[in-house]
Amino acid sequence: IPPLFDWSGSDNIASVRLHWPSPSVFHTNGMQTVGYHDRLVLPVEITPIDPARPITVRLQVDLGVCSDICMPAALSLAGELPAKGTPDAAIRAALGERPRSGREAGLRDIACRIEPIRDGVRLTADIDLPRRGRDEVVVFESAGSRVWVSEAVTERQGGRLVSTADLVGPGGAPFALDRKGVTVTVLGDGPAVEIAGCPAP
């Protein structure tokens, strides 16, 4: 259940950027999920419209909370932020757990093939990336929030990581996938690797 954030009730906010720490992989009832365990500190970077005025936050969050099963949950958060904050050790630590970019992780190349399937498209990424440990997991995300993405099938072929997933749009038919809007995340030992875009071979 991907989280959804609605900031529309807020005041004096020009932009919001979420700094997600590297997630963990969970296996429950034969299914793989990606998320956070017990506690999450999610750094939020807010840019005000007018830096001289305080920021009023009114936020609605829809997210999934899982134990033996996953349940949707809704949160309402509100507060006023001063024009200037103070340093926080928990936020600094969470920022230190951010995913690394492809360049930081030694990515040499990524090439993605897209082929139509009955109800969407199949995406195969060929990633030239140093090994991230014994158990590597690849997660695909599409810029379209209404696109469902299957669990990826991933294996090493020589020195390259090859991963395939199916993407199904709301129409249940092949569609034009925005390659620049695809995010490829590689999980393994240490911080995740987040690759923006999935270019053609």
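Higher on the page you've got the structure.
Residues numbered from 1 in each chain as written. Predicted model: local features only at pLDDT ≥ 70, side-chain atom pairs only at ≥ 80, totals over all residues. Heavy atoms only, no water.

A. Geometry of the state of the cysteines. The final tally for this structure, using the stated rule, is two disulfides. One disulfide bridge connects Cys66 with Cys70, the sulfur atoms lying 1.9 Å from each other. Taking the torsion about the S-S bond as the criterion, the Cys66 to Cys70 disulfide, at about 110°, is right-handed. The partly exposed category is assigned to Cys66, whose relative accessible area is 49%. Across the disulfide, Cys112 is cross-linked to Cys198 (sulfur-sulfur distance 1.8 Å). Here Cys112 and Cys198 share a disulfide; its torsion about the S-S bond, -70°, makes the bridge left-handed. Of the two residues, Cys112 is situated in strand 9 (residues 109-117) and Cys198 in the segment after strand 16 (193-196); the sequence distance between them amounts to 86 residues. In this pair, the class of Cys112 matches that of Cys198, namely buried. (Disulfide = S-S within 2.5 Å. Buried < 20%, exposed > 50% of the residue type's maximum accessible area, 1.4 Å probe, protein only. Helix = DSSP H or I, 4+ residues; strand = E, 2+ residues; numbered from the N terminus.)

B. Quick peek at the nonpolar core. Of all hydrophobic cores here, the largest spans 22 residues; its most connected members are Leu123, Ile127, Phe140, Val184 and Cys198. Contributions of two or more residues to this core are made by strand 9, strand 10 (120-128), strand 11 (137-141), strand 14 (160-168), strand 15 (183-187) and strand 16. Of all hydrophobic cores here, the second largest spans seven residues; its members include Trp7, Ile46, Ile55 and Val61. (Core = buried A, V, L, I, M, F, W, Y, C linked by side-chain atoms within 4.5 Å.)

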